[in-house]
Amino acid sequence: MKSSIVSLLFIAAGSSAAPFDTCPSKAFLVQGTTATIFGVNLVSGSYNRFADNVGTNQKVNGFGFSVHDRYLYGWDYSRGNIGRIGKDYALEPLNASGLPNTNFYVGDVSVQQNAYYVYRKGADYGLYRIVLDENDSDYLVASKVIDGSSLNLNIFDLAFHPDENLAYSVDNRGNLIAINVTTGSSFNLGFTGVTGTFGAVYFDVEGYLYISRNSDGHIFRIDINDSTSTTLFAYGPSSGNNDGARCATAPIIDESEAPTLDYGDAPDSYATSISANGARHGKGNLYFGNGVSAEHTPNQVDDDDGVNFVTGLETGLDTLVSYRLSAPGYVNAWVDWNGNGQFDESEQIITEHLGTVGENRVLVEVPIDAREGTTWARFRVSNTPSISPLGGVDSGEVEDISVSIVASGVVETTTAWQTAAFEDLWPQQGDYDFNDVVVKYRIFKSQIGNQVVRLKIDGELLAVGASYHNAFAFRFANIARNQVDEPLVRLTINGQQIAKNPLEAGRNEAILIALDDTKVIANTQSGCKYFRTESGCLNQQPIPFSVTLPFKNTVTDSASLISGVSPFIFAVNGFDHGPFVDSNNARAWEVHLKNHTPTEAFNTDYFDQGDDMSSTYGNFQTANGLPWALIIGTSWNHPKESTDMLLAYPEFGGFAESAGSANTNWFRSAVGQHSVQN
C-alpha cells in the first residue's frame, strides 16, 4: 500500500482544528521521539504515514481516540500536559490541572464517559481521570482515581472496551488485565501466551482486543473472555516508542478498504475469512504470476496463476514446484499432508525463501506417510520473511491451490544417528582435540522393491573449533555422478534451500558438498572464538542441514550402498590451511576416516608427511594407529577446545592402537570437565 503524507496546518495555541469526519476503522499509531502519526490497517498490518510532525519537538504518548468529539488525545512531552489532534494532524495544546509533575505514557479516552484517563505506576502517581466535556464545570480538571502503588501494573498502553466502562491491557509478562476505572481495581484475567512491551492497544466494535508488540510490530488479537484465545493477527510496523489509539466503536475493516486486500481461496477450515484470522495481504506490486485480484472476502474463484506443481505429488518422493514473482520477495508455503483441514507447523514446505523476479523452482519432499487424495496447499509471498499460514501482512499475495497426492509404493528405512569428528591439522597430530568439525547425521533410503530411488541425509553441524576453513562432504563410493538426477538434488541449511548444486563439478564419482565452508556457516556468538567448543560458548543451537540425492534410474539395493557413504573434510580454496597445504590447490587436501580411500580430487603427495604414516600402516593414521577422523555410532560429547582427545577420553588410545578390538566402548568414558555436552 502506498504511503501518503497529509499536509500539516500548524495552529496557534488556543485555536481549534476540526475533528475527524468519521469514526475510522484504521488504528492510529504514534511513533518516534518526535511524534510521527501513522494509520494502521489492523487487518493487514499495512500503514499510511499521516504526519511526520504534529507541531511538537518531542513525543506524544498515552494516545486515545474520543468517540464523543472525534479528536485524538495524548500526552505532549514538550509541555508536560495533554493535547488534542484533529483531522489536520496538528497538536492543539490543552492545559489540564490537578496532575503531578511527570510524563504519562499510558492513556485512552473512555467510550462510556467523555473523559481521558492517564496512568503511571508509583506511589506519587497513579490513575487520573480528566474531564473532556467542555460544558462541564470540571472541564480539563484531573482527579486521582487511585495511586500507582495500589494499582501497580507494568503496562504501556490501555484501551477502553466499546460496551463496558472497563479498560484493558496486557502487561510485559503477557497477563491480560482489566481495570475498573471507577474504583481503580484491576483483575488478572490470565496469561495470553505472548510477552513483551505492548505499547499500542486497541478495541474493535465486536469487543476484540488488539495489542501491538514494540519489538517486532506483531499485532495479536485476544478474545477478552478467554485469554488463551490469543492469535497472531497481523504483521505491523515495529518501534521502540509505540503508542496507539482507535475508535473502539468502528468495525475492524470497512468497505472502502476492500480493493486493498487479497485473501486465500481454500475452505475456511484452513483459515481464510477474517473471523478465522485467514491469510490476507495488502495489495501492491509484489505478487505471484500475472497479477492479483484483491477482494474484501475470500471469493472461492480460481484466479491464481503464479504457482504450479511441475511434477505430481507421490508419497515418499520429491516434487518440483515452480512459481513466478513480479518482484523479489520472501515465499513461505504449506501443504496439508495429513488431510486434517488445516496447515500445521510441521507441514511447512518452503521457509523464508527469497525468490527473484520471474520463475523460481524449489524441490519439495512429499512425506512417505502423506494421506492420499485431494488436499490444499497455501503459498504466500511478502516483504516480511517469517510469516505463518494465518494472519495479515502488508504486502504480497496468497495463493491457495487444490492438489492431489497419490501413493508411490516407496518404502523408507533409516540408519541410526552417528557422529563424525575431524582433526584438521593433518598430517600433524597437533592439539588432537577432534572438534575442528563435528557433524551428527543419519541416512534415509527410499526404495520400491529392491530398487533404491533416493538417498537422503539429515544432519546437524555440532561444532567448529577450527581456525582453518574446512568444507564437510560425503563421498558415495558405489554411486557414479551420472547416476544422480542432478536437477532434483536438494540441499537445505538451517531450513533454507540452497540454490546451487551441491554435487561437486568435474568429478566422475558422486561427491556431495553438504557444508561448503563450516567456518562461515557456523557464526560464533559474541565473545567466542569458535562454535560450540569453549566453556561459556555452548548455548548456540546446532545448525541443521538436509540433502536429498535422487537417482535418474533406480539403483539395486545392496549392503555396500549405505556403507559406501563416507564423510570427509577438505580445505576451502582461497584460504590458508597451514604449511603442508598448497594454497593454489587447497581443495586437493582431504581428511578421511582411518583406512578410507580419498576422492579423485585428493593429492597423494600429502601422505607420509608430518605424523602421517599412511603408506606403512594404512591411510590417515599415525604409527600408533591414531586417526584424524572418527565415526561414533551415537550422539557424542566432543572434547573442549585444545583438549587432547586422549585426556577427554582416556580409553580412546587403546581402542585406536588395537584397531578397534579393545576398549570398544571408549566413547562412554568421557572426563566430564574436558568434553562438551551435546
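None of these values were measured; they are calculated from a predicted model.

What counts, and at which threshold
- Throughout, a residue's number is its position along its own chain's written sequence, starting from 1.
- Since the coordinates come from a predicted model, pLDDT governs what is reported: local features require at least 70, and pairs of side-chain atoms require 80 or more to be given and counted, while whole-chain, interface and lining totals use all residues.
- Computation of side-chain values: all heavy atoms of the structure, hydrogens and water removed.
- Per-residue accessibility, obtained with a 1.4 Å probe over protein chains only, is compared with the maximum for each type, and a residue is labelled buried under 20%, exposed over 50%, and partly exposed between these values.
- Secondary structure elements are taken from DSSP: a helix is a run of H or I of four residues or more, a strand is a run of E of two residues or more, and numbering for both begins at the N terminus.
- Here, a strand pair is defined by DSSP locating no fewer than two bridges between the strands.
- pLDDT measures the predictor's confidence residue by residue and takes values from 0 up to 100.
- Contacts are assigned to residue pairs that have any heavy atoms within 4.5 Å of one another.
- Every axis corresponds to a line fitted to the C-alpha atoms, with the helix fit spanning only the stretch in contact, and the corresponding angles, defined between N-to-C directions, vary from 0 to 180 degrees.
- Remark: nonpolar core denotes a set of buried residues (Ala, Val, Leu, Ile, Met, Phe, Trp, Tyr, Cys) joined through side-chain atoms within 4.5 Å.
- For the purposes of this analysis, a disulfide is any pair of cysteine sulfur atoms at a distance within 2.5 Å.

S.K.: How would you sum up the pairing of strand S14 (residues 175-180)? Please name residues and give values.
M.R.: Consecutive side chains along a regular strand alternate between the two faces of the sheet. The buried fraction of S14 is high, at 5 of 6 residues. Examined bridge by bridge, strand S13 (residues 166-170) and S14 share 5 bridges and lie antiparallel to one another. If you follow Ala167 over to S14, its bridge partner there is Ile179. Taking the residues between adjacent antiparallel strands as the criterion, S13 and S14 are bridged by 4 residues, where Gly174 takes a positive phi near 90 degrees. Of the pairings in the sheet, the one linking S14 to strand S15 (residues 186-191) comprises 4 bridges and is antiparallel in character. Within S15, the position partnered with Ala178 by the bridge is Phe187. Here S14 folds back onto S15, and the loop between the two strands holds 5 residues, one of which, Gly184, carries a positive phi near 85 degrees.

S.K.: Mind laying out the confidence of the model for the protein, listing which residues take part and the relevant values?
M.R.: On average, residues of the protein score 89 in pLDDT, and 94% of them are at 70 or above. Contacts from residues 1-14, a stretch scored under 50 in pLDDT, to residues over four places away or in other chains number 35 contacts.

S.K.: Can you break down the sheet that holds strand S6 (residues 81-85) residue by residue, with the values?
M.R.: Sheet architecture is open: 4 strands sit in the order S4-S5-S6-S7, paired in antiparallel fashion. With one partner strand each, in any of the chains shown, strand S4 (60-65) and strand S7 (91-93) form the two edges of the open sheet. Between one strand axis and the next, the sheet turns by 30 degrees as a mean value, whatever way the strands run. One ladder, built from 5 bridges, connects strand S5 (residues 72-76) with S6; its direction is antiparallel. Directly across from Tyr73, in S6, lies its bridge partner Arg84.

S.K.: Any details on the sheet that holds strand S28 (residues 358-365)? Residues and values, ideally.
M.R.: Taken together, the 3 strands give an open sheet; going across it, the order is S23-S25-S28, and neighbouring strands pair in antiparallel fashion. The open sheet has two edge strands, strand S23 (307-309) and S28, and neither has a second partner. This sheet shows a mean twist of 20 degrees between the axes of neighbouring strands, independent of strand direction.

S.K.: Tell me what's going on with the nonpolar core, and back it up with residues and numbers.
M.R.: Counting residues in hydrophobic clusters, the biggest one holds 51 residues, and the most contacted among them are Trp426, Leu461, Phe472, Phe474 and Phe476. The element best represented in this core is strand S40 (residues 543-556), accounting for 6 residues. Among all residues touching Trp426, those that are not within four sequence positions of it are Trp589, Glu590, Val591, Phe602, Tyr606, Phe607, Asp612, Phe620 and Trp628. One finds Phe160, Val170, Ile177 and Val201 within the second-largest nonpolar core, a separate group that totals 31 residues.

S.K.: Can you explain the state of the cysteines? Please cite residues and give values.
M.R.: In protein structure, a disulfide is the covalent linkage between the sulfur atoms of two cysteines. In the structure shown here, the tally under the stated rule is 2 disulfides. With its sulfur 1.4 Å from that of its partner, Cys23 forms a disulfide with Cys247. Looking down the S-S bond of the Cys23 and Cys247 bridge, the torsion is -85 degrees, so its handedness is left-handed. You can see Cys23 sitting in the segment before strand S1 (27-31) and its partner Cys247 sitting in the loop between strand S20 (242-245) and strand S21 (261-263), a full 224 residues away along the chain. Judged by relative accessible area, which is 29%, Cys23 ranks as partly exposed. Two residues, Cys528 and Cys537, share a disulfide whose sulfurs are 2.0 Å apart. The chirality of the disulfide connecting Cys528 with Cys537 is left-handed, given an S-S dihedral of about -95 degrees. This pair shows no difference in class: Cys528 is buried, exactly as Cys537 is. What links to what in the protein: the bonded cysteines, counted in sequence order, pair as 1-2, 3-4.

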